[in-house]
Amino acid sequence: SVLTTFGIVFTLIFETFEFFNRVSISQFFLATDWLPFSNKEPLYGIWALIAGTLKVTFIAVIVAVPLGLGAAIYLSEFASDTVRRIVKPILEVLAGVPTIVYGFFALTFITPLLQNFIPDLKIFNAISPGIVVGIMIIPMIASLSEDAMSAVPRSVREGALGLGSTKFEVAIKVVLPAAISGIVASVVLAISRAIGETMIVSLAGGSAPRFNLEFTDSIQTMTAYIVQVATGDASYGSTIYYSIYAVGFTLFIFTLAMNIIAARISKRFREEY
């Protein structure tokens, strides 16, 4: 596993350096236009792809965090053993649905449904894939957060109940803060999963990278661009071909940073009983 990881990192770095021999680093990190297939002058401003990625991730977090934490609190504090044994495996099965199925679900069901309420919504947009990516990462937040909350000793709950707290107050004001390290780690890991999602955003997000705050128009994420080029839109050895490694390396830095943050938060706020 370690050798494989080093091999992946070495490949990304080596090919990314080849890309930067052809395109300036300043254009890549400071420009906001991403037009690699332009017939005039190709533009490689990564911020257009980052904007699309962050739009989808932002909507996914809005959907997944409240629902995931709500499910975790219910399963940990209010559900009976029978309900917990039934519901938790169902949630975990939801995590096993192929992402391409989620993508078609977003494109053929969620988007037409949203167009009834948002008339200006394009067939390819950021809202629909964001919602479905949020649904996809709910099991991760719910399962990991429920594990963290279940690890809080029963004596802590009984002490709070003995002081006159209601069951809801115990869940929100005692158990939730005690399990905060595991909960935050689960959320950060889910965010990194959303950032790296490919098929949902490729099918339902479109392929028009734009650096703006518009959520109803077509977008393109970093992973969707890699899929577009990797399926044959660029010849081997071309600048466009090497650009997928630069985008992949940027995505690698994003997910690595999220995992480091999750580890630090978990270590900083971990409660040991």
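Rules and cut-offs
Residues numbered from 1 in each chain as written. Predicted model: local features only at pLDDT ≥ 70, side-chain atom pairs only at ≥ 80, totals over all residues. Heavy atoms only, no water. Helix = DSSP H or I, 4+ residues; strand = E, 2+ residues; numbered from the N terminus. Buried < 20%, exposed > 50% of the residue type's maximum accessible area, 1.4 Å probe, protein only. Lys, Arg positive; Asp, Glu negative; His and termini not counted. Charge placed at Lys NZ, Arg CZ, Asp CG, Glu CD. Core = buried A, V, L, I, M, F, W, Y, C linked by side-chain atoms within 4.5 Å. Contact = heavy atoms within 4.5 Å. Salt bridge = Lys/Arg side-chain N within 4 Å of Asp/Glu carboxyl O. Axes fitted to C-alpha atoms, helices over the stretch in contact; angles between N-to-C directions. Left-handed = near helix turned anticlockwise from the far one by under 90°. Nonpolar A, V, L, I, M, F, W, Y, C, P; charged D, E, K, R; others polar. Parallel < 35°, antiparallel > 145°, perpendicular 65-115°, else oblique. Patch = residues over 30% accessible without salt bridge, like charges linked within 9 Å, V, L, I, M, F, W, Y side chains within 5 Å. Areas by Shrake-Rupley, 256 points an atom, 1.4 Å probe, with all protein chains shown as cover. Expected span 1.5 Å × (residues − 1). Bend = angle between axes of the 7 residues up to and from the residue. Polar contact = N/O pair within 3.5 Å; in protein donor to acceptor, adjacent residues only side chain to side chain.

**With respect to the overall build of the chain**
The number of helices and strands found in the chain is twelve helices and two strands. Listing every helix and strand of the chain by position from the N terminus yields α-α-β-β-α-α-α-α-α-α-α-α-α-α. Counting only C-alpha atoms, the chain reaches 75 × 50 × 30 Å along its principal axes. By the burial criterion, 43% of the 273 residues in the chain qualify as buried. Positive and negative charge centroids in the chain, built from 17 and 18 side chains respectively, lie 5 Å apart.

**A short note on the nonpolar core**
Within the largest apolar cluster, 71 residues are counted, with the highest numbers of intra-cluster contacts made by Phe19, Trp34, Met149 and Tyr225. Among the elements that make up this core, the one with the highest residue count is helix α3 (residues 47-78) (twelve residues). If sequence neighbours within four positions are ignored, Phe19 has contacts with Phe28, Tyr44, Thr239, Tyr242, Ser243 and Ala246.

**Re the pattern of salt bridges**
Within this structure, the stated rule accounts for eight salt bridges. Between Lys122 and Asp217 there is a salt bridge, with the nearest N and O atoms lying 3.1 Å from each other. Residue Lys122 is found in the loop between α5 (99-115) and α6 (127-150), and its partner Asp217 is found in the loop between α10 (199-204) and α11 (222-233); the two are separated by 95 residues along the sequence. The exposure class assigned to Lys122 is partly exposed, which follows from its relative accessible area of 42%. Residues joined by salt bridges that share partners form a network here, namely Asp81, Arg84, Lys88, Glu146 and Asp147.

**Here's the deal with the packing of α3 against α6**
Contact pair α3 / α6: the axes reach a minimum separation of 6 Å and the direction vectors enclose 35 degrees. At the point where α3 passes α6, the crossing takes the right-handed sense. The residue inventory of the contact of α3 with α6, partitioned by class, reads 22 nonpolar, six polar and two charged.

**Things to note about the packing of helix α4 (residues 81-94) against α6**
Between α4 and α6, the shortest axis-to-axis distance is 8 Å and the interhelical angle comes to 135 degrees. When the interaxial angle is binned, α4 and α6 end up oblique. The crossing of α4 and α6 is left-handed. Contact with α4, carried on its side by Arg84, Lys88, Leu91, Glu92 and Leu94, involves Ile135, Pro139, Ala142, Ser143, Glu146 and Asp147 of α6 and no other residues of that element. The residue makeup of the contact of α4 with α6, split by class, is five nonpolar, one polar and five charged.

**Digging into a nonpolar patch on the surface**
A grouping of Tyr74, Phe78, Phe168 and Ile172 is seen on the molecular surface, where their side chains present a nonpolar patch of about 370 Å² in accessible area. Positionally, Ile172 belongs in helix α8 (residues 167-178). Judged by relative accessible area, Ile172 falls into the partly exposed class, the value being 30%.

**Examining α3**
When the terminal C-alpha atoms of α3 are compared, their 44 Å separation across 32 residues agrees well with the 46 Å that a helix rising 1.5 Å per residue should span. Where α3 bends most, at Ala64, the angle is about 25 degrees, and the proline Pro66 comes one to four residues later.

**Re α6**
Counted at 1.5 Å a residue, the expected span for α6 with its 24 residues is 34 Å, and the 34 Å between its end C-alpha atoms agrees. Approximately 35 degrees is the largest bend angle found in α6, and it occurs at Ile137, with the proline Pro139 only one to four residues beyond. With 19 of 24 residues buried, α6 is to be regarded as a mostly interior element.

**Quick look at the side chain of Gln220**
Here Gln220 is to be found in the loop between α10 and α11. Looking at Gln220, the relative accessible area reads 3%, which means it is buried. Within the structure, Gln220 has its side chain in polar contact with the side chain of Gln228 (distance 2.7 Å). Filtering out sequence-adjacent residues up to four positions away, Gln220 remains in contact with Ala48, Leu49, Gly52, Gly206, Ser207, Ala208, Pro209, Tyr225 and Gln228.

**Description of the environment of Phe29**
Mapped onto the fold, Phe29 is located in helix α2 (residues 25-30). A sequence separation of 67 residues divides Phe29 from Gly96, and the C-alpha atoms of the two residues are 36 Å apart. In this structure, Phe29 is in contact with Phe20, Ile46 and Trp47, ignoring residues within four places of it in sequence.

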